Amino acid sequence: IGHCDLRVGHNDKTYIGGNIGYNIEVPYRGHHYAAKACRLLLLQARKHGMDYLIVTCAPKNIASARTCEIAGGRYLMMEAVPRDNELYAEGMRQVMIYRFDLS
């Protein structure tokens, strides 16, 4: 139905690109599967000793922003994507940043 991944650790790339990535195939959207996957990955991140995670999304991606809220993320800010970041090369200029506290 889709995929998700966890990026362990924190650096400039995970701040802009996020510690979690996810995508749900079109026929399965609308059932909160991405939020459920994020909550499972929060548990996995704790096992790696992480005390927080960052998840980001494009400003126009309302569904992804809603996923972050449903999964328990707290909106921090809109951040410019640096020119040397791979997301910039893909055309993304800003990201919405959400923080998930794990402690």
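Participant: Hey, could you run me through the pattern of salt bridges in this one?
Facilitator: Charged atoms that come close allow side chains of opposite charge to pair. Per the counting criterion, the structure on display carries five salt bridges. Connected through salt bridges with shared partners, the residues Arg74, Arg99 and Asp101 form a single ionic network.

Participant: Quick question: what am I supposed to make of the pairing of strand S2 (residues 20-24) here?
Facilitator: On a regular strand, one side chain projects to one face of the sheet and the next to the other, so that they alternate. Of all five residues in S2, four are buried; the element is thus mostly enclosed. Note: strand S1 (residues 2-6) against S2, five bridges, orientation antiparallel. Bridge pairing links His3 to Asn23 in S2.

Participant: Just to check I follow, could you spell out the sheet that holds strand S4 (residues 74-80) for this structure?
Facilitator: In a beta sheet, neighbouring strands are held together by backbone hydrogen bonds and run either parallel or antiparallel to one another. Ordered by their spatial adjacency, three strands build an open sheet running S3-S5-S4, and the pairing between neighbours is antiparallel. Unpaired on one side and paired on the other, strand S3 (52-57) and S4 mark the two borders of the sheet. Along the sheet, successive strands turn relative to each other by an average axial angle of 30 degrees, direction set aside. The pairing of S4 with strand S5 (residues 94-101) spans six bridges and is classified as antiparallel. Within S5, the residue paired with Met78 across the bridge is Met96. Set on the sheet, helix H3 (residues 62-70) makes contact with S3 and S5; between it and S5 the angle comes to about 15 degrees.

Cut-off values and rules
- Residues numbered from 1 in each chain as written.
- Predicted model: local features only at pLDDT ≥ 70, side-chain atom pairs only at ≥ 80, totals over all residues.
- Heavy atoms only, no water.
- Salt bridge = Lys/Arg side-chain N within 4 Å of Asp/Glu carboxyl O.
- Buried < 20%, exposed > 50% of the residue type's maximum accessible area, 1.4 Å probe, protein only.
- Helix = DSSP H or I, 4+ residues; strand = E, 2+ residues; numbered from the N terminus.
- Pairing = 2+ DSSP bridges.
- Axes fitted to C-alpha atoms, helices over the stretch in contact; angles between N-to-C directions.
- Contact = heavy atoms within 4.5 Å.

Just geometry here; none of it tells us what the structure is for.
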